[in-house]
Amino acid sequence: MAIAQQNIWLETDALGLGGVWFGIAPMEDRMEEVHSLLELPENVKVFSMFALGYPAETRPKQNRFVPERIHFIEN
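Nothing here was measured: the structure is a model prediction, and the numbers come from that model.

(A) Representation of the confidence of the model for the protein. On average, residues of the protein score 91 in pLDDT, and 100% of them are at 70 or above. Considering each helix and strand of the protein separately, the mean pLDDT is smallest for strand E1 (residues 18-23), with a value of 90, and largest for helix H2 (residues 28-37), with 95.

Structure representation (structure tokens):
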């Protein structure tokens, strides 16, 4: 499910749209609340939500790569 959600996000960005991913699972209370709010059938489980649309503003891309956070384990 996470990979599918990531692909949706990538396509959203490619189309020039903005988006935000809301993680719902595995928190049962959130899963039940969203399930009830959207009036979903009993056989449907909520994993996440993704809101998308045209951004109200644009921001420069940020480079958040921190090489010190990469660790290698050698055998």
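(B) Molecular detail of the packing of aromatic side chains. Evaluated as defined, the whole model comprises two aromatic pairs. With a centroid separation of 6.1 Å and an interplanar angle of 80°, the aromatic rings of tryptophan 9 and tryptophan 21 are classed as edge-to-face. Placement of tryptophan 9 in helix H1 (residues 2-14) and of tryptophan 21 in strand E1 is noted, with a sequence separation of twelve residues between them. For tryptophan 9, a relative accessible area of 36% gives the class partly exposed. What links up through ring pairs into an aromatic cluster is the set Trp9, Trp21 and Phe50.

(C) Representation of the side chain of threonine 12 in the model. Mapped onto the elements, threonine 12 comes out in helix H1. Given the relative accessible area of 4%, threonine 12 is considered buried. Each residue touching threonine 12, except ones within four places of it in the same chain, is listed here: Leu17, Gly18, Gly19, Phe50 and Leu52.

(D) Representation of H1. If you check H1, its first and last C-alpha atoms are 18 Å apart, about what 13 residues at 1.5 Å a residue would give, namely 18 Å. Looking at the residues trailing H1, positive phi occurs at glycine 16, about 80°.

(E) Region of the structure containing the environment of leucine 10. Residue placement: leucine 10 occurs in helix H1. Look at leucine 10 and you get exposed, because its relative accessible area is 52%. In the structure, leucine 10 is positioned 29 residues away from glutamate 39 in sequence and 28 Å away in space, judged by C-alpha atoms.

Analysis parameters
- Residues numbered from 1 in each chain as written.
- Predicted model: local features only at pLDDT ≥ 70, side-chain atom pairs only at ≥ 80, totals over all residues.
- Heavy atoms only, no water.
- pLDDT = per-residue confidence, 0-100.
- Helix = DSSP H or I, 4+ residues; strand = E, 2+ residues; numbered from the N terminus.
- Phe/Tyr/Trp six-rings, centres within 6.5 Å; stacked < 30°, edge-to-face > 60°.
- Buried < 20%, exposed > 50% of the residue type's maximum accessible area, 1.4 Å probe, protein only.
- Contact = heavy atoms within 4.5 Å.
- Expected span 1.5 Å × (residues − 1).

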